[in-house]
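Next come the chains, spelled out residue by residue.
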Amino acid sequence: MTVAGRHTDARAPIVRRASVPARGPRPAEELAEELGPGPFALVMLFASPEADLVRLAGQAARIFTGARLVGCTTAGEISRAGYDEDTIVAVALPASHFGAETLTIPDLSRLEPRDLTTAVVRAREALAQDHPAFAHEFAMLLVDGLSVKEDELASALATGLGSMPLFGGSAGDGTRFRQTLIMDGDRLLRNAAVLSFVRSACPVRIFNLDHLVPTAKRMVVTLAEPRRRIVRRINDEPAAREYARLLGKDGQQLTPFTFAAHPLAVRMGGRHHVRAIQQVAPNGDLLFFCAIDEGVVLTVAEPQDLALHLERELDRLGDPAQPAAILAFDCILRRLEAQEKQLTGRVSDILRRHGVTGFSTYGEQLGAMHVNHTMTGIAFYPPGTALPEDG
């Protein structure tokens, strides 16, 4: 059934989801109406930067009382329509099946790994004591996508999390790269992160996928500013010009679509991980989405068919049982590639049929790593589902 342009479910699913236009006058009220009655353990809001974030946060904090409230700005949303734009997407975890705690890291420029480990352990212990009947657990990280601190943060969290699996996404700002915000209750924060700890009656499966294949084209970073993720020279030549030359392109015509179609990857642990380019600086430097350093050997990767690969990988999440819901953080470069190759409709149809909700990111987190050009997320299964990981 559809009410006032919004979708409503005739039954209450295990994981609730909703979406409304970003510029509506009462977005939180409309989202609450669509989500249905609580109580909720955790409410997540993924909002287009076109939304009035101050109004949204204030309204949501008043409406979703008793629930942990987290969120961020996006580089595009994933709703029931698939890839979406200029919307606010909500995902709510009902208290009947979930328990949650949150930990805010308010200033990423002052990370203290030892203090952070202590805070993470305490939050995990409190959650376990409050919800001993829930056997499954995970952590979800939302982090400022312009902070340049995702790598350091993910690594610092790993010790305190122990066996608790972590996935996450970096907040976006469309393709403007000016301001990304994290929502913690009614607060909007920059250069910050919020970590949600969740225990559940529902089995879960964390996943990470990409559709890239490394080629024989390689290059070496010969001058860089690692703290700012800037590469100045590649193969001892100006970075943007050399990258373009290796692709057979004009260095003056590099665009985000070029970076999406020809990503760079570094080999670690027997696998290639993308080191995605964010933009070209006016002086010809390359700005990256994640950690980069001098001496790193970068390999040009070429994409497989994005839609076919996505369909195959999401189908695998349905073995041995279909997920009740999928929450996904999808790199902005995947969305840009879909647009460039006129695959947006096909990809949106696949996301819609598999019940995927989430947002497009400036990067993804998986365990102790910050990665790019992936879709990273979690599949929720009905209580009692036997997954291979459960033995």
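First, a word on scope: everything that follows refers to the structure included in this document. (Residues numbered from 1 in each chain as written. Predicted model: local features only at pLDDT ≥ 70, side-chain atom pairs only at ≥ 80, totals over all residues. Heavy atoms only, no water.)

Digging into the overall build of the chain
So the rule is basically this: The helix and strand labels rest on DSSP assignments: H or I over at least four residues marks a helix, E over at least two residues marks a strand, and numbering proceeds from the N terminus. Radius of gyration: over C-alpha atoms. The globule rule applied is 2.2 Å multiplied by the number of residues raised to the 0.38 power. Relative accessible area decides the class of each residue, using a 1.4 Å probe on protein chains only: under 20% of the type maximum gives buried, over 50% gives exposed, and in between gives partly exposed. Note on definitions: a residue-residue contact is assigned when non-hydrogen atoms from the two residues lie within 4.5 Å. Computed by Shrake-Rupley with a 1.4 Å probe, the accessible areas treat only the displayed protein chains as cover when residues are assessed.
Regarding its fold elements, the chain presents nine helices and 28 strands. The globule rule puts the C-alpha radius of gyration for 391 residues at 21 Å, and the 20 Å found for the chain is close to it. Projecting the C-alpha coordinates of the chain onto the three principal axes gives extents of approximately 60 × 45 × 45 Å. Going through the 391 residues of the chain one by one, you find that 58% of them count as buried. Pairs at least 24 residues apart make up 81% of the contacts formed inside the chain by residues separated by at least 6 positions. Surface accessibility of the chain: about 15900 Å² in total, with carbon and sulfur atoms responsible for 49%.

A short note on the sheet that holds strand β7 (residues 82-84)
Going by this rule: Paired strands, as defined in this entry, are two strands with at least two bridges between them according to DSSP. In this analysis, axes come from line fits to C-alpha atoms, helices being fitted only over the stretch in contact, and the angle between any two N-to-C directions falls in the range 0 to 180 degrees.
Taking strand neighbours across the sheet as the criterion, the six strands line up as β7-β6-β25-β24-β28-β15 in an open arrangement whose pairing is mixed. On the outer flanks of this sheet lie β7 and β15 (204-209), each paired with one strand and no other. Mean inter-strand twist for the sheet, computed between neighbouring axes without regard to direction, equals 20°. The sheet contact formed by strand β6 (residues 77-79) and β7 spans three bridges and is antiparallel. Bridge pairing in β7 places E77 opposite D84. Against the sheet, helix α7 (residues 306-316) contacts β15, β24 (325-331), β25 (356-361) and β28 (375-380), and its axis sits at roughly 160° relative to β15. Along the sheet, helix α9 (residues 344-353) makes contact with β6, β7, β25 and β28, crossing β7 at roughly 120°.

So, the packing of aromatic side chains
Going by this rule: Aromatic rings from Phe, Tyr and Trp, taking only the six-membered ring of Trp, are treated as a pair when their centres fall within 6.5 Å; an angle between ring planes under 30 degrees marks them as stacked, one over 60 as edge-to-face, and anything in between as tilted.
For the structure shown, the criterion picks out 12 aromatic pairs. Arranged with centres 4.9 Å apart and planes meeting at 50°, the rings of F329 and F359 form a pair that is tilted. Highlighted residues: F329 in strand β24 and F359 in strand β25, separated in sequence by 30 residues. As far as burial versus exposure is concerned, F329 and F359 are alike and both buried. By way of ring pairs, the aromatic residues F46, F98, F138, F167, F329, F359 and F380 are connected into one cluster.

Details of the environment of R16
Quick reminder of the rule: Nitrogen and oxygen atoms within 3.5 Å of one another constitute a polar contact, given that in protein one can donate a hydrogen and the other can accept it, and given that sequence-neighbouring residues count only through two side-chain atoms.
Looking at the element boundaries, R16 is found in strand β3 (residues 16-21). R16 sits in the buried class, given a relative accessible area of 10%. Once the C-alpha coordinates of R16 and G251 are considered, the two residues, 235 residues apart in sequence, prove to be 46 Å apart. Contacts of R16, omitting those with residues within four sequence positions, involve L35, G36, P37, F40, A90, V91, A92 and P94. A polar atom in the side chain of R16 sits 2.8 Å from the backbone oxygen of L35.

Examining the pattern of salt bridges
Filter applied, for reference: We count a salt bridge whenever a side-chain nitrogen from Lys or Arg sits within 4 Å of a carboxyl oxygen from Asp or Glu.
This model, assessed by the stated rule, comprises 30 salt bridges. With its nearest N and O atoms 3.4 Å apart, the salt bridge here joins D236 to R233. Look at R233 and you get partly exposed, because its relative accessible area is 28%. The salt bridge partner of R334 is D330, with a shortest N-O separation of 2.6 Å. The network of salt bridges with common partners includes R23, E50, D86, D173 and R176.

Details of the sheet that holds strand β13 (residues 187-189)
Strand order across the open sheet formed by six strands is β3-β8-β4-β5-β12-β13, with mixed pairing between neighbours. Each end of this open sheet is capped by a strand with a single partner; those strands are β3 and β13. Strand-to-strand twist across the sheet, computed as the mean angle between neighbouring axes with direction ignored, equals 20°. Relative to strand β12 (residues 182-184), strand β5 (residues 68-73) runs antiparallel, the two sharing three bridges. Note on β12: the bridge partner recorded for C72 is I182.

Structural notes on the environment of Q365
Position of Q365 relative to the elements: it lies in strand β26 (residues 364-366). Q365 sits 110 residues away from T255 along the chain, and the two C-alpha atoms are 25 Å apart. Once residues lying within four places of it in the same chain are set aside, the contact partners of Q365 are L141, V143, E150, A154, L166, F167, G168, G169, S170, H370 and T376. A distance of 3.0 Å separates a polar atom in the side chain of Q365 from a polar atom in the side chain of S170.

Comments concerning the pairing of strand β9 (residues 98-105)
Most of β9 sits out of view: seven of its eight residues are buried. As judged from the eight bridges shared by β9 and strand β14 (residues 193-200), these two strands associate in the antiparallel manner. Following the sheet pairing, I105 is matched in β14 by A193.

A short note on the pairing of strand β17 (residues 230-234)
Both faces of the sheet carry side chains from a regular strand, because those side chains alternate between them. Two strands pair when backbone bridges link them, and strand β16 (residues 212-225) and β17 are joined in this way by four bridges, in the antiparallel orientation. Within β17, the residue paired with L223 across the bridge is R233. As paired elements, β17 and strand β18 (residues 237-238) share two bridges and run antiparallel to each other. Counted as the bridge partner of R233 is P238 from β18.

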